[in-house]
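Listed below, chain by chain, are the residues.
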Amino acid sequence: MSNWYAIIAEDVANSLPLRLATRPAHIARLVALQDDGRLLIAGPFPAIDSMDPGQAGFTGSLIVAEFDSLTAAQSWADADPYLLAGVYANVIVKPYKKVLPA
């Protein structure tokens, strides 16, 4: 039985160039989760109050996806291209209970 897990990441300062260079590999992994029906939501946190922050960039990301265990979710997060490329300064993985929408 799979459960939902939240992956909450914080970017390093001035991460935009690294994000842009690594984005295709990062997105490919998310698309694979989506294609498997295991992705609830994914996206970045804009650094300013705008959906297109331009050069202000982003401060982190949120991914909520289905995994078999916390260990599996952590392993998946540990292999994220953004983490490996140095975009993320910190990543927290924790169980998530989806309540709404039902």
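Everything below is about the structure printed above this text.
Rules used in this analysis
- Residues numbered from 1 in each chain as written.
- Predicted model: local features only at pLDDT ≥ 70, side-chain atom pairs only at ≥ 80, totals over all residues.
- Heavy atoms only, no water.
- Pairing = 2+ DSSP bridges.
- Helix = DSSP H or I, 4+ residues; strand = E, 2+ residues; numbered from the N terminus.
- Axes fitted to C-alpha atoms, helices over the stretch in contact; angles between N-to-C directions.
- Phe/Tyr/Trp six-rings, centres within 6.5 Å; stacked < 30°, edge-to-face > 60°.
- Buried < 20%, exposed > 50% of the residue type's maximum accessible area, 1.4 Å probe, protein only.
- Lys NZ or Arg CZ within 6 Å of the ring centre and 35° of its normal.

Student: Help me understand the sheet that holds strand E4 (residues 88–96) in this model?
Tutor: The strands making up a sheet associate through backbone hydrogen bonding, with each pair oriented either parallel or antiparallel. Strand order in the open sheet made by the four strands is E2-E3-E1-E4, with antiparallel pairing throughout. Edge positions in the sheet fall to strand E2 (39–46) and E4, since each of these pairs with one other strand and no more. Within this sheet the neighbouring strands show an average axis-to-axis angle of 15 degrees, counted without direction. Both E2 and strand E3 (residues 58–67) contribute to a ladder of seven bridges, which runs antiparallel. Note that in E3 the partner of Pro44 across the bridge is Ser61.

Student: Even after reading the chapter, I still don't get the packing of aromatic side chains, so can you show me in this structure?
Tutor: To describe a pair of aromatic rings, you give the distance between the ring centres and the angle between the ring planes. Within the structure shown, the criterion is met by three aromatic pairs. Centroid distance Phe67 to Trp76: 5.8 Å. Interplanar angle 50 degrees. Geometry classified as tilted. The burial state of Phe67 is the same as that of Trp76; both residues are buried. Centroid distance Tyr82 to Tyr88: 5.5 Å. Interplanar angle 90 degrees. Geometry classified as edge-to-face. Accessibility expressed as a relative area gives 3% for Tyr82, which makes it buried. One aromatic cluster is present, built from ring pairs that chain together Tyr5, Phe67 and Trp76. Looking at Arg29, its charged tip hangs above the ring of Trp76, at a distance of 4.0 Å from the centre.

Student: I tried to follow the environment of Ala72 on my own but got confused; where do I start?
Tutor: Position of Ala72 among the secondary structure elements: in helix H2 (residues 70–78). By relative accessible area, which is 28% here, Ala72 ends up partly exposed. As for Ala72 and Tyr5, which are separated by 67 residues in sequence, their C-alpha atoms are 9.8 Å apart.

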